[in-house]
Amino acid sequence: MKVPTMAELAAEGRSPEILFWVGCAGSFDSRAQKVTIAFCKILNAVGMDYAILGNEESCTGDPARRAGNEFIFQMSALQNIEVLNGYEIKKIVTACPHCFNTIKNEYPALGGNYEVIHHTQLLQELIDQGRIKMKEGGAFEGKKITYHDSCYLGRINGVYEAPRKVLEALDNELVEMKRCRTKGLCCGAGGAQMFKEDEPGDKRINIERVEEALDTKAEIIAANCPFCITMMQDGVKGKDKQEDVMVYDLAELIVNNNGL
Amino acid sequence: MIQQIAFLIISILAIGLATKQFLKIRRNVLLGKEEEIGGDSGRRWRNVFLVAFGQSKMFKRWIPAIFHFFIYAAFVITQIELIEIFIDGLTGIHRFFWPTLGGFYTFVISFIEILSVLAFVATVIFLIRRNIIKTPRFEKPEMKGWPKQDANIILYLEIFLIVFIFLMNSADMASHNNEYGFAISQYLSPIWSGASESTLHLMERIGWWGHVMVVFAFLNYLPISKHLHILLAFPNTYYARQNSRGEMENMPEIMNEVKSMMGLTEGGEEAMMDMDAELPEFGAKDIFDLSWKNILDAYSCTECGRCTSVCPANITGKKLSPRKILMDIRDRATEVGVKLDSGNLDYVREDLKAEAKKLTKDNFDDGKNLFDFISKEELHACTTCNACVEACPVLINPLDPILKMRRYEILTLSEGPSEWLPMFNAIENSGAVWSMPVERDHWRKELEE
Ligand code: SF4
Ligand code: SF4
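Residues numbered from 1 in each chain as written. Chains lettered and ligands numbered in written order. Predicted model: local features only at pLDDT ≥ 70, side-chain atom pairs only at ≥ 80, totals over all residues. Heavy atoms only, no water.

Visitor: An account of the overall build of chain A is requested, with residue identities and associated values reported.
Guide: The secondary structure content of chain A amounts to eleven helices and eight strands. Dimensions of chain A, computed from C-alpha atoms along their principal axes, come out at roughly 50 × 50 × 30 Å. Per-residue burial for chain A yields a buried fraction of 65% across its 260 residues. Of the contacts made within chain A by residues no fewer than 6 positions apart, 79% connect residues no fewer than 24 positions apart. The centroid of the 30 positive side-chain charges in chain A is displaced by 3 Å from the centroid of its 38 negative side-chain charges. (Helix = DSSP H or I, 4+ residues; strand = E, 2+ residues; numbered from the N terminus. Buried < 20%, exposed > 50% of the residue type's maximum accessible area, 1.4 Å probe, protein only. Contact = heavy atoms within 4.5 Å. Lys, Arg positive; Asp, Glu negative; His and termini not counted. Charge placed at Lys NZ, Arg CZ, Asp CG, Glu CD.)

Visitor: An account of the overall build of chain B is needed here, citing residue identities and associated values.
Guide: What chain B contains, in helices and strands, is 19 helices and zero strands. Taken against the 2.2 N^0.38 rule, which gives 22 Å for 449 residues, the C-alpha radius of gyration of chain B at 28 Å runs more than 25% over that of a compact globule. Sorting the 449 residues of chain B into buried and exposed places 51% on the buried side. A fraction of 73% describes how many contacts in chain B between residues 6 or more apart in sequence connect residues 24 or more apart. Accessible surface, chain B: about 21400 Å² in total, of which carbon and sulfur atoms supply 64%. Measuring between centres, the 47 positive side-chain charges of chain B sit 6 Å from its 56 negative side-chain charges. (Rg over C-alpha atoms; globule rule 2.2 N^0.38 Å. Areas by Shrake-Rupley, 256 points an atom, 1.4 Å probe, with all protein chains shown as cover.)

Visitor: Summarise the site of ligand 2; cite the residues concerned and give the values.
Guide: Around ligand 2 sit Cys301, Thr302, Glu303, Cys304, Gly305, Arg306, Cys307, Arg323, Cys392, Pro393 and Ile396 of chain B, and those are all the residues in its vicinity. Among the residues making up the shell around ligand 2, the classes are represented as six nonpolar, two polar and three charged. (Near = heavy atom within 4 Å. Nonpolar A, V, L, I, M, F, W, Y, C, P; charged D, E, K, R; others polar.)

Visitor: With reference to specific residues and values, describe the interface of chain B and chain A.
Guide: At the junction of the two partners, chain B supplies 63 residues and chain A supplies 73 residues. Looking at the side of chain B facing chain A, the largest losses of area belong to Trp434, Arg440 and Trp443 of chain B, adding up to 14% of the total buried there. If you look at where chain B meets chain A, you find four salt bridges. Residue Arg440 of chain B is joined to Glu57 of chain A by a salt bridge in which the shortest nitrogen-to-oxygen separation is 2.9 Å. In this structure, the connection of chain B to chain A is made through 31 residue pairs in polar contact (both at pLDDT 80 or more). (Buried area = accessible area lost by both parts, 1.4 Å probe. Salt bridge = Lys/Arg side-chain N within 4 Å of Asp/Glu carboxyl O. Polar contact = N/O pair within 3.5 Å; in protein donor to acceptor, adjacent residues only side chain to side chain.)

Visitor: An account of the side chain of Thr36 of chain A is needed here, citing residue identities and associated values.
Guide: Structurally, Thr36 of chain A can be placed in helix H3 (residues 30-45). Beyond its immediate stretch of four places on either side in the chain, Thr36 of chain A contacts Phe20, Val22 and Gly26 of chain A together with Trp443 of chain B.

Visitor: Got a sec to walk through the sheet that holds strand S3 (residues 91-94) of chain A? Specific residues and values, please.
Guide: Residue and element names in this part refer to chain A. Strand order in the open sheet made by the four strands is S2-S1-S3-S4, with parallel pairing throughout. The open sheet terminates on both sides in strands that have one partner only, identified here as strand S2 (50-51) and strand S4 (115-118). Of the pairings in the sheet, the one linking strand S1 (residues 18-21) to S2 comprises two bridges and is parallel in character. When the bridges of S2 are listed, Ile18 appears paired with Tyr50. Helix-sheet contacts for helix H7 (residues 119-128) involve S3 and S4, and the interaxial angle to S4 is about 80°. (Pairing = 2+ DSSP bridges. Axes fitted to C-alpha atoms, helices over the stretch in contact; angles between N-to-C directions.)

Visitor: Please set out the domain arrangement of chain B residue by residue, giving values where relevant.
Guide: All names here are of chain B. Each assigned domain of chain B is listed here: domain 1 (2-30 + 61-238), domain 2 (252-281), domain 3 (282-413) and domain 4 (418-449). Of the residues lining the interface, 22 residues belong to domain 1; the matching set on domain 3 comes to 30 residues. At the boundary of domain 1 and domain 3, one finds three salt bridges. Residue Arg27 pairs with Asp341 through a salt bridge whose shortest N-O separation is 3.0 Å. At the junction of domain 1 with domain 3, the criterion picks out 14 residue pairs in polar contact (both at pLDDT 80 or more). Going through the elements one at a time, helix H1 (2-29) and helix H9 (229-238) are the ones with two or more residues in the side of domain 1 that touches domain 3. When residues of the side of domain 1 that touches domain 3 are assigned to their parent elements, the largest contribution, six residues, is made by H9. Within the side of domain 1 that touches domain 3, the residues separate by chemical class into eleven nonpolar, four polar and seven charged. (Domains from an automatic or database assignment.)

Visitor: Tell me about the site of ligand 1, and name the residues and values.
Guide: Residue and element names in this part refer to chain B. Near ligand 1 there are 13 residues, and of these Cys311, Cys382, Cys385, Asn386 and Cys388 occur at the shortest range. Among the elements of the structure, helix H16 (387-391) and helix H17 (399-412) are those that each provide at least two residues to the shell around ligand 1. Its residues assigned to classes, the shell around ligand 1 comprises ten nonpolar, three polar and no charged.

Visitor: Before we move on, could you go through the nonpolar core and cite the residues and values that matter?
Guide: Ranked by internal contacts, the top residues of the largest apolar core, which has 103 residues, are Phe20, Ile92, Tyr114, Leu123 and Leu253 of chain A together with Met423 of chain B. Discounting chain neighbours no more than four positions away, the residues touching Leu253 of chain A are Phe140, Ile145, Leu167, Leu170, Ile220, Ala222 and Tyr248 of chain A. Phe67, Val336, Val348 and Ile396 of chain B belong to the second largest nonpolar core, which has 77 residues in total. (Core = buried A, V, L, I, M, F, W, Y, C linked by side-chain atoms within 4.5 Å.)

Visitor: How would you summarise a nonpolar patch on the surface if you had to cite specific residues and measurements?
Guide: Residue and element names in this part refer to chain B. A surface patch of nonpolar side chains, amounting to about 510 Å² of accessible area, comprises Phe120, Val124, Ile128, Ile132, Ile133 and Val163. Here the nonpolar patch takes five residues from helix H5 (residues 103-133), the largest share from any one element. The topology assignment puts Val163 in helix H6 (residues 146-175). Taking relative accessible area as the criterion, Val163 reaches 43% and is therefore assigned partly exposed. (Patch = residues over 30% accessible without salt bridge, like charges linked within 9 Å, V, L, I, M, F, W, Y side chains within 5 Å.)

Visitor: Provide a residue-level description of the sheet that holds strand S5 (residues 144-147) of chain A, including the pertinent values.
Guide: Residues and elements named next belong to chain A. A sheet is described by the order of its strands in space; here four strands give the open sequence S6-S5-S7-S8, paired in parallel fashion. Each of the sheet's edge strands pairs with one partner strand only, and the pair in question is strand S6 (173-174) and strand S8 (246-249). Judged from the four bridges that link them, strand S7 (residues 220-223) and S8 form a sheet pairing that is parallel. Bridge pairing links Ala223 to Asp249 in S8. Each of S5, S7 and S8 touches helix H11 (residues 250-258); the most contacted strand, S8, lies at about 95° to it.

Written out as structure tokens, the structure reads:
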């Protein structure tokens, strides 16, 4: 499988329809890499005209900014904007809700204006257009799936329906957790918590959330964020349920269903 | 005549005193930095009507919303009656509007009476909920002591108010052969059967004066109470931030500095900071560094704890409680206000003491700041999930001050959780949140093999 970079396309004098922003987790975290690859498989399968930045991409700066370190944020963000504007990027898709939020809502004030969508939105679009056709009787038919709203896609950017539509297309039984949509409970990773230990308390946030997910009796926890996936997977392990409950990104579910 | 003069004097005193206190709160709010509140005014008014007037956010929890609505509606509608009370009080006329309005008058007062009964029921339920059932969100550490008392006091005042209304109306009905025909007090007036005309008159007066005094007491109590929200909910929803929740306020000073470091400034303009100048402070150390809207938020807080009850950090036993953040900001602003009012030159900043003639917000330094109220542990526990922002019935943003204080800690104090340092360094040196021995797109190369 080939994943083109902007630089390669530029050398051929081409520019793609859409840039796939991979993000730090999608590039380096071994679990999130699988999501990146799954998403690329889908993009290739539908013949999407896309590219990634490759080594020209840097951290969006989200965790630094939320930790309070504006200097590091500005350095990283301004550098990215230089690169993006250099390639005259118009449209960006990303599988990370933090990257999605930062590029969409924070880069404009720094001089970066792009149309940004989350990969679950693109997936829904592709399904609606019939460009992704779900295989009947796929691996998930009739299975119970619960969906975890990430804060940065859901409550902060109001995207609740696109991922649910994708799940519906998979023909499984979607069971909602008690706290979902606007009331969805955080996985515990946001605001740079991912990079530090929890403050003293009774419980880890991901355990609280996983307990709620387990209460639904779902066999699969679907998520849309690499950090949520890490947190939920750790939580499932913490509850010793890793044999019974799997945590997947929506792109992975489609790839598994269609045997891509 | 004596009653009219007494009423006039008491009104002037009560309203004058209350005004003075309200102006102090306004002053305290304006201790914060200027913040341009932009955006569409149509949407703002929509917020005021839906969220403040219509209490739309309250209805996420049906049961308290309905009871709260009874008290609120009774409160708003009773204000109509207050117009007459003022006219009667000043002119000495009894029920000024009755002769002209007749049947409509009966309708309005009956409406008030019915709402008052509903409000009475709601008040009793709220008292039970706070003191007997002990709803968890009212039992958090920050609610111990005064905040709990405050909530109860207002509920008792409400009960007094309603009792006085019915005392007044029922005695009045009894002495006028029920001619007013008020919906509820016509059933209460029989308790006065056999009472002399002078007793009835006395009871009516006690009811009338009691009502007036509770209203004035309430007016003067508001400024030191969480019940200030009945007024501030309106401006607070009007001035609520309109931009995306996901956008942290940009810091142009730092952006320009970084741009010039990276050689990105156009036309080579001098954006560099003057290195000899006093090092600027970033973020918020005290209320003076917050925006006025943050402080208005704090004074508008109803202490309902909806934010805290959905906060993932609080749910899992961490010290952070978004409600406490608001209460701390308000308490600090009030403390600074009181000290400023004292005019005590001891509160002048050390280096300005010699020449200072007057204590002002610009030379103020009492050796304390917001960090004496809010611990770093609380600030560090926030996941920026925005659940608190979503939950607040009066559109307060508890997250914004948390992030401003984090900025102070990291940028000005150069402190913060040590585990964040490797992340900062990795972003600075290798453009990723982790320092990795491989290239960013090595996953892609593996795919191609
Ligand atoms: S944004 Fe922070 S304070 Fe607000 S609910 Fe989430 S973790 Fe709690
Ligand atoms: S900030 Fe809002 S939700 Fe939280 S206690 Fe105050 S009024 Fe209630």
